[in-house]
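Analysis of the macromolecular model
Below are the chains, spelled out letter by letter.
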Amino acid sequence: MLNQIPISSNGDYTYLLTWYLLLVLIVLIIFSTLLSATRRRVLVTLRGMRTITVLQCEKCDYKEEREFQVGDYVLKRVGECAKCKGPLYISMIYGVPEKGPPRPYGY
Ligand SMILES: [Zn+2]
């Protein structure tokens with residue numbers, strides 16, 4: 001009884017298409033929600049952080065901290081020591097949460 005199964009009847013086709021479109025719409029909504037949430041979190045994290053570069057002398061115990069600058073990397077030579085004129089290098093780069101006005105999302 002093959003003709004009892006209405007595979008290609010017009011009514012069923014639109015029914016399937018409606019469900020398909022609904023599914024695609026739901027997936028799109030979920031994806032855009034996830035994406036915007038992730039993007040917002042990244043922005044908040046970047047805005048809430050200060051990056052510090054620690055400079056250290058190779059010869060003595062002189063240490064200096066300054067704001068991170070583009071091009072900084074650990075073990076990079078950055079001039080000379082203020083105390084003994086020895087070579088100064090970057091020993092550490094780290095981020096600290098910025099103090100300031102309260103931020104949303106608890107960061
Ligand atoms: Zn020194």
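Description of the structure in this document. (Residues numbered from 1 in each chain as written. Predicted model: local features only at pLDDT ≥ 70, side-chain atom pairs only at ≥ 80, totals over all residues.)

1. Looking at the overall build of the chain
Selection criterion: Helical segments are the DSSP runs of H or I of at least four residues, strand segments are the runs of E of at least two, and each set is numbered from the N terminus. Any residue surrounded by 20 or more other C-beta atoms within 10 Å of its C-beta is treated as buried, while 12 or fewer makes it exposed and the intermediate range makes it partly exposed; C-beta atoms here are placed from the backbone. With C-beta atoms placed from the backbone, a contact is any residue pair whose C-beta atoms sit within 7 Å.
Counting secondary structure elements, the chain contains one helix and four strands. When the helices and strands of the chain are read in sequence order from the N terminus, they spell out α-β-β-β-β. Relative to its 107 residues, the chain shows a buried fraction of 5%. Taking as baseline every contact in the chain between residues at least 6 positions apart, the subset at least 24 positions apart corresponds to 50%.

2. Examining the environment of K85
Along the chain, K85 turns up in the loop between β3 (77–80) and β4 (87–97). With 27 residues separating them in the primary sequence, K85 and E58 have C-alpha atoms 9.9 Å apart.

3. Description of the environment of G79
Position of G79 relative to the elements: it lies in strand β3. Overall, G79 belongs to the exposed group, with 10 C-beta atoms counted inside 10 Å.

4. Structural notes on the pairing of strand β1 (residues 49–57)
The test is simple: Pairing between strands is defined by DSSP: at least two bridges between them are needed.
Where β1 and β4 come together, nine bridges link them in antiparallel fashion. Pairing of C57 across the sheet is with L88, part of β4. As paired elements, β1 and strand β2 (residues 63–67) share five bridges and run antiparallel to each other. Looking at the pairing, Q56 lines up with K63 of β2. Count of turn residues in the β1/β2 antiparallel hairpin: five residues.

5. So, unusual backbone geometry
The phi dihedral of L75 is positive, around 80 degrees, even though this residue is not glycine. Of note, K85 is a non-glycine position whose phi angle comes to about 65 degrees, a positive value. Taking the number of C-beta atoms within 10 Å as the measure of exposure, K85 has 12 and is therefore exposed.

6. Focus on the pairing of β3
As paired strands, β3 and β4 are joined by two bridges and run antiparallel to one another. If you follow E80 over to β4, its bridge partner there is P87. Linkage of β3 to β4, two consecutive antiparallel strands, is achieved through a turn of six residues, within which K85 is found at a positive phi near 65 degrees.

7. Some words on the sheet that holds β1
Note the following rule: Note on method: axes are straight lines fitted to C-alpha atoms, helices fitted across the in-contact stretch only, with angles between N-to-C directions ranging 0 to 180 degrees.
What the four strands build is an open sheet, ordered β2-β1-β4-β3; its pairing is antiparallel. Each edge of the open sheet carries a strand with a single partner, namely β2 and β3. Averaged over all pairs of adjacent strands, the angle between strand axes in this sheet comes to 35 degrees, irrespective of strand direction.

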